[in-house]
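Structure assessment
Each chain, letter by letter, is given below.
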Amino acid sequence: MTSATAQPLLLLVAGLVIDALFGDMPAIFRYLPHPVVLAGRAIAFFDRKLNRETRSEASRRERGIVTVIVLVGGAALLGLAVERVCGSSLVGAMVEAALIAVLIAQRSLYEHVAAVAAALSIGGLDGGREAVRHIVGRDPLSLDVHGVARAALESLAENFSDGVVAPIFWCLLLGLPGLFAYKMANTLDSMIGHRTPRYSAFGWAAARLDDILNTVPAPLSGVLLATAAVFAKNGRPGHALAIMLRDGRKHHSPNAGWPESAMAGALGLALAGPRRYPEGLVADPWLGDGSARAGVSDILRGLQLYRLACFLEAGLLVGAWLAMHATLLA
């Protein structure tokens, strides 16, 4: 066992602590573009140049594949360059930890979902619709109070996988190149990986790559949520695991089904189901066997479960680092 083996764990823990303390760091990104914003601009450039309606479906699919290869490969090379420049110096380690904090959306996800609960409590349905439109792609005007609450919980569960567990997984596996590549792939999927006439061909590769990269993190996020239910008030860990194993593959998104079904089982709710998006109705089956009449109290219970799952994941990283460090000292 070498010190290089343990260092990524320590950097990840440091990054999570920075994120927990400072979140999105608006004081910095008020003046500098956020890395995800820069990724979005690069994707939009390729979209404008290569995804023209005058081209055939086959041509647009090929150009979508090229877009994914260039942008994800470029992100990985950038991560490798940053990792090499930072080297083993203390300042370099601080830079790497800060970048990890910026690219793992742990605190910001919590704040966005908590804002939906607050808006529903204070502003009623109109306030909830306004708050939830910032975190989901579905038509907010089609949602009643229960629909807003379910949308918030579904976003919390899915983005726990996409925005927290998966970035940590790929950073742990491949360092900054893995983290940078994953964030670019996930941003590509968010922007062009839609089943719409414009993106069904051009975004095909982006959607497929995102599915592949989340093959392990998505079920892992469900297991973390189910385990967190052991410590949650009125949590149902056994039921969460059973529902995840039963319903995890039913969702139209292979990534979202695992954490959403675990969340549904842990809270005793029914999530997903038919939902209306700008491009039309998605007729997904319900996940879970509880009530679909979610409310503010359920969002708060979901946020508690999310906090516990984040603490659990951080604890596993700390435990792994301590075990490796103890081996090095032995």
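Conventions and cut-offs
Residues numbered from 1 in each chain as written. Predicted model: local features only at pLDDT ≥ 70, side-chain atom pairs only at ≥ 80, totals over all residues. Heavy atoms only, no water. pLDDT = per-residue confidence, 0-100. Helix = DSSP H or I, 4+ residues; strand = E, 2+ residues; numbered from the N terminus. Buried < 20%, exposed > 50% of the residue type's maximum accessible area, 1.4 Å probe, protein only. Contact = heavy atoms within 4.5 Å. Disulfide = S-S within 2.5 Å. Expected span 1.5 Å × (residues − 1). Axes fitted to C-alpha atoms, helices over the stretch in contact; angles between N-to-C directions. Parallel < 35°, antiparallel > 145°, perpendicular 65-115°, else oblique. Left-handed = near helix turned anticlockwise from the far one by under 90°. Nonpolar A, V, L, I, M, F, W, Y, C, P; charged D, E, K, R; others polar. Core = buried A, V, L, I, M, F, W, Y, C linked by side-chain atoms within 4.5 Å. Phe/Tyr/Trp six-rings, centres within 6.5 Å; stacked < 30°, edge-to-face > 60°.

1. Regarding the confidence of the model for the protein chain
Across the protein chain, pLDDT averages 91, with 96% of residues at or above 70. No element of the protein chain has a lower mean pLDDT than helix α2 (residues 26-29), which averages 79, and none a higher one than helix α9 (residues 217-228), which averages 97.

2. Considerations on the environment of Leu-300
Here Leu-300 shows up in helix α12 (residues 296-329). Look at Leu-300 and you get partly exposed, because its relative accessible area is 47%. Considering only alpha carbons, one finds Leu-300 and Ala-118, 182 residues apart in sequence, at a separation of 9.8 Å.

3. Some details on the environment of Gly-302
Take Gly-302: it is sitting in helix α12. We classify Gly-302 as buried; its relative accessible area is 0%. For the pair Gly-302 and Ala-20, spaced 282 residues apart in the sequence, the C-alpha separation amounts to 18 Å. Not counting chain neighbours up to four residues away, the residues in contact with Gly-302 comprise Leu-153, Leu-156, Met-263 and Leu-267.

4. Thoughts on the state of the cysteines
Taken as a whole, this structure holds zero disulfides when the rule is applied. Lacking any disulfide linkage, Cys-310 is separated from the closest cysteine sulfur, that of Cys-171, by 16 Å. For Cys-310, a relative accessible area of 8% puts it in the buried group.

5. A look at helix α5 (residues 90-103)
Residues spaced three or four apart along an α-helix face the same direction, because each turn holds 3.6 residues. In this model α5 runs 20 Å from its N-terminal to its C-terminal C-alpha over 14 residues, within 8% of the 20 Å that 1.5 Å per residue would give. Among the residues making up α5, those that are buried are Gly-92, Ala-93, Glu-96, Ala-97, Ile-100, Ala-101, Val-102 and Leu-103.

6. Observations regarding the packing of helix α7 (residues 145-192) against α9
Between two packed helices, both the angle of their axes relative to each other and the distance between the axes serve to describe the pair. Packing of α7 against α9 brings their axes to within 9 Å, and their N-to-C directions diverge by 110 degrees. When the axes of α7 and α9 are compared, the pair comes out roughly perpendicular. Crossing of α7 against α9: the hand is right-handed. Within the contact between the two elements, α7 uses Phe-160, Ser-161, Val-165, Ala-166, Phe-169 and Trp-170 and α9 uses Pro-217, Ala-218, Leu-220, Ser-221, Leu-224 and Leu-225. Across the contact of α7 with α9, the residue classes tally to 10 nonpolar, two polar and no charged.

7. As for the nonpolar core
In a soluble, globular protein the nonpolar side chains are often hidden away together inside. Core analysis: the biggest nonpolar cluster contains 86 residues, and Phe-160, Leu-188 and Ile-299 have the highest contact counts within it. The biggest single contributor to this core is α7, with 23 residues. Discounting chain neighbours no more than four positions away, the residues touching Ile-299 are Val-113, Val-116, Ala-117, Leu-120, Ala-149, Ala-152 and Leu-153.

8. With respect to the packing of aromatic side chains
Using the criterion set out here, one finds four aromatic pairs in the structure. On the basis of an interplanar angle of 85 degrees and a centroid distance of 5.6 Å, the ring pair of Phe-160 and Tyr-306 is categorised as edge-to-face. Highlighted residues: Phe-160 in helix α7 and Tyr-306 in helix α12, separated in sequence by 146 residues. Note on accessibility: Phe-160 and Tyr-306 belong to one class, buried.

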